[in-house]
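Residue-level structural notes
Each chain, letter by letter, is given below.
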Amino acid sequence: MFTVEGGTLDAADDLGAKLRARSYDAVVGIGGGKTIDVAKYAATRRGLPMVSVATSLANDGIASPVASLITAGLKGSYGVHIPIAVIVDLDFVESGPERHNRAGIGDVISNISALADWELARQVRGEPVDGLAASLARMGAEAVLSHPGHMGDDVFVTVLAEALISSGLAMAVCGTSRPSSGGCHEIMHAVDALFPGTSSHGELAGLGALFCTYLRDDRQRFAQMSACLDRHNLPRTPAEVGLTDDQFVEAVQYAPQTRPDRYTILEHLAMTPAETRGRLGDYTDALRDRLG
Ligand SMILES: [Zn+2]
């Protein structure tokens, strides 16, 4: 048994070196997102199967083919093998820090926005869409979106865990993070790069997804996603994650640079800072109207 310190590339390389010392048959990663990512990366580098024992549901990393690791102070995404099995301890999750776990809801429902971006890329640029990957990513998101339960109830937490796992499978099926990462995640990566430590992956992905859905003028989805984030006390405005409107506009402008090859609503609209500011004002008004 090895204890890993922090979710860094160094920690993952260090674990990889320890795994080299003896002939192990498999790696079992037990812990939260950072630990799982370190274990996935080290196991992939050693060519060993990995079992994910997740103590948190903060994002879809519990089963995804991506490890998010910090190197030289910056978060990078590394391709890894998906776990051969995922075990989630419901009691542990339900008694864990609620704000941390409910962020996974934001990550899951961001699939809705990511899939709309993928469809847009198909229409505009002829990018192929993998139907199986898209339906896996959509299935979990739709289930979480319309489920009335909350983080204290086994049924809802099971739906959330399964949705996070199907997001991971979706990415593995098509070999890219496309089904679960579009403009929503570009905004999240931009906030992480410009204003590190603002908020978690899932909270920012949920906020980014709601803003992108607004930009797409998809009123029905906007209402549905807004209600879901609100129901679970997840942030919907820049202020709720501690950003000023100016900072959020800066992040939206920077967002396309975080994934240069990815065509999303942000690249499609290619808004000027003044346009982004205008749309953010309308977005905030739309949320206020919705609250009544
Ligand atoms: Zn994500």
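Residues numbered from 1 in each chain as written. Predicted model: local features only at pLDDT ≥ 70, side-chain atom pairs only at ≥ 80, totals over all residues.

1. As for the nonpolar core
Using the following cut-off: Buried Ala, Val, Leu, Ile, Met, Phe, Trp, Tyr and Cys residues form a nonpolar core when they are connected through C-beta atoms within 7 Å. Counting other C-beta atoms within 10 Å of a residue's C-beta gives its exposure: the residue is buried at 20 or more, exposed at 12 or fewer, and partly exposed in between, where C-beta atoms are placed from the backbone. In DSSP terms, a helix is any run of H or I states spanning at least four residues, a strand is any run of E spanning at least two, and both are numbered starting from the N terminus. The split into domains, and so the bounds of each, comes from an automatic or database assignment of domains. Contact definition: two residues whose C-beta atoms, as placed from backbone geometry, lie within 7 Å.
Membership of the largest hydrophobic core comes to 82 residues, with the highest contact counts inside it found for Ile109, Leu160, Leu164, Ile187 and Met225. In terms of residue count, the dominant contributor to this core is helix 6 (residues 154–174) (11 residues). Looking at which domains feed residues into this core, each of domain 1 (9–88) and domain 2 (98–291) gives three or more. Filtering out sequence-adjacent residues up to four positions away, Met225 remains in contact with Ile109, Ile112, Leu145, Ala209, Leu210 and Thr213.

2. With respect to helix 7 (residues 183–194)
As a reminder of what qualifies: One less than the residue count of a helix, multiplied by 1.5 Å, gives the span that helix is expected to have.
In this model helix 7 runs 16 Å from its N-terminal to its C-terminal C-alpha over 12 residues, within 8% of the 16 Å that 1.5 Å per residue would give. Counting buried residues along helix 7, 10 of its 12 residues qualify, which places the element largely inside the surrounding structure. Looking only at helix 7, the buried set comprises Gly183, Cys184, His185, Glu186, Ile187, Met188, His189, Ala190, Val191 and Asp192. If you follow the buried residues of helix 7, they end up packed against strand 4 (74–79), helix 4 (98–125), helix 8 (201–215), helix 10 (245–254) and helix 11 (265–269).

3. Thoughts on the packing of helix 5 (residues 131–146) against helix 6
Short version of the rule: Lines fitted to C-alpha atoms define the axes here, with helix axes fitted over just the stretch in contact, and angles between the N-to-C directions of these axes take values from 0 to 180 degrees. Roughly parallel here means an angle under 35 degrees, roughly antiparallel means over 145, roughly perpendicular means 65 to 115, and every remaining angle is called oblique. In this scheme the handedness of a crossing depends on how the near helix is turned from the far one: anticlockwise by less than a right angle means left-handed, clockwise means right-handed. Three classes are used: nonpolar for Ala, Val, Leu, Ile, Met, Phe, Trp, Tyr, Cys and Pro, charged for Asp, Glu, Lys and Arg, and polar for all others, with Gly counted as polar.
Taken N-terminus to C-terminus, the directions of helix 5 and helix 6 make an angle of 165°; their axes are 8 Å apart at the nearest point. Between helix 5 and helix 6, the angle falls in the class roughly antiparallel. Regarding helix 5 and helix 6, the two cross each other, and that crossing is left-handed. Only Val159, Leu160, Glu162, Ala163, Ser166, Ser167, Leu169, Ala170, Val173 and Cys174 of helix 6 make contact with helix 5, whose side of the interface consists of Leu132, Ala133, Leu136, Ala137, Met139, Gly140, Ala141, Ala143 and Val144. By residue class, the composition of the contact of helix 5 with helix 6 is 15 nonpolar, 3 polar and 1 charged.

4. So, the packing of helix 7 against helix 8
Running from N to C, helix 7 and helix 8 point in directions that differ by 130°, and their axes come no closer than 7 Å. Between helix 7 and helix 8, the crossing angle belongs to the class labelled oblique. Helix-helix and strand crossings are classified by hand; for helix 7 and helix 8 the assignment is right-handed. Contact with helix 7, carried on its side by Gly183, Cys184, His185, Ile187, Met188 and Val191, involves His201, Leu204, Ala205, Gly208, Ala209, Phe211 and Cys212 of helix 8 and no other residues of that element. Taken together, the residues of the contact of helix 7 with helix 8 break down into 9 nonpolar, 4 polar and no charged.

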